[in-house]
Amino acid sequence: MGSIVSAIGSGINAIISAIANIIETIVSAIVTVLLAIWDVIVAILCCRCFGHRGRSRTGGTTSGRRRGGFGRRRAGATY
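Owing to the predicted nature of the structure, the values given are computational and were not obtained by experimental measurement. (Residues numbered from 1 in each chain as written. Predicted model: local features only at pLDDT ≥ 70, side-chain atom pairs only at ≥ 80, totals over all residues. Heavy atoms only, no water.)

Chemist: Could you clarify how one ought to interpret the overall build of the chain in this entry?
Modeler: Within the chain, the secondary structure is distributed over two helices and zero strands. Counting over 79 residues, the chain shows a buried share of 3%. Total accessible area on the chain stands at roughly 7200 Å², and carbon and sulfur atoms take up 68% of it. (Helix = DSSP H or I, 4+ residues; strand = E, 2+ residues; numbered from the N terminus. Buried < 20%, exposed > 50% of the residue type's maximum accessible area, 1.4 Å probe, protein only. Areas by Shrake-Rupley, 256 points an atom, 1.4 Å probe, with all protein chains shown as cover.)

Chemist: What's the story with a nonpolar patch on the surface in this structure? I'm lost.
Modeler: A cluster of nonpolar side chains, namely Ile22, Ile26, Ile30, Val33, Leu34, Ile37, Ile41 and Leu45, defines an oily patch on the protein surface of about 740 Å² accessible area. Assignment of secondary structure puts Leu34 in helix α1 (residues 2-68). (Patch = residues over 30% accessible without salt bridge, like charges linked within 9 Å, V, L, I, M, F, W, Y side chains within 5 Å. Salt bridge = Lys/Arg side-chain N within 4 Å of Asp/Glu carboxyl O.)

Chemist: So what exactly am I meant to see when it comes to the state of the cysteines here?
Modeler: Here the structure, examined in full by the defined rule, presents zero disulfides. With no disulfide of its own, Cys47 has Cys46 as its nearest cysteine by sulfur position, at a separation of 7.1 Å. Look at Cys47 and you get exposed, because its relative accessible area is 56%. (Disulfide = S-S within 2.5 Å.)

Structure, rendered in C-alpha cells:
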C-alpha cells in the first residue's frame, strides 16, 4: 500500500515540476523580451538627452587642440 501512495506522490510531483518548468520558461522569455525593449528605450533616451551635450563638449576640446597646433607638431615629429 505504501509503494502505491509513493508512486502516486512521485507522479504528482513530476507533473507539478513539469508545469513549474513550463511557467519558468515562459516567464524567462517574457522578461528577456521586456529587458530588450527597455534597453532600446534607454538607448534612445540617452542618445537624445546626452548626445548633443557630449558632441558640443568633445567638439570644443578637439577644435581647441587643433587651434593650438598640437596636430601639426605631432605630424612634424613623425617625419
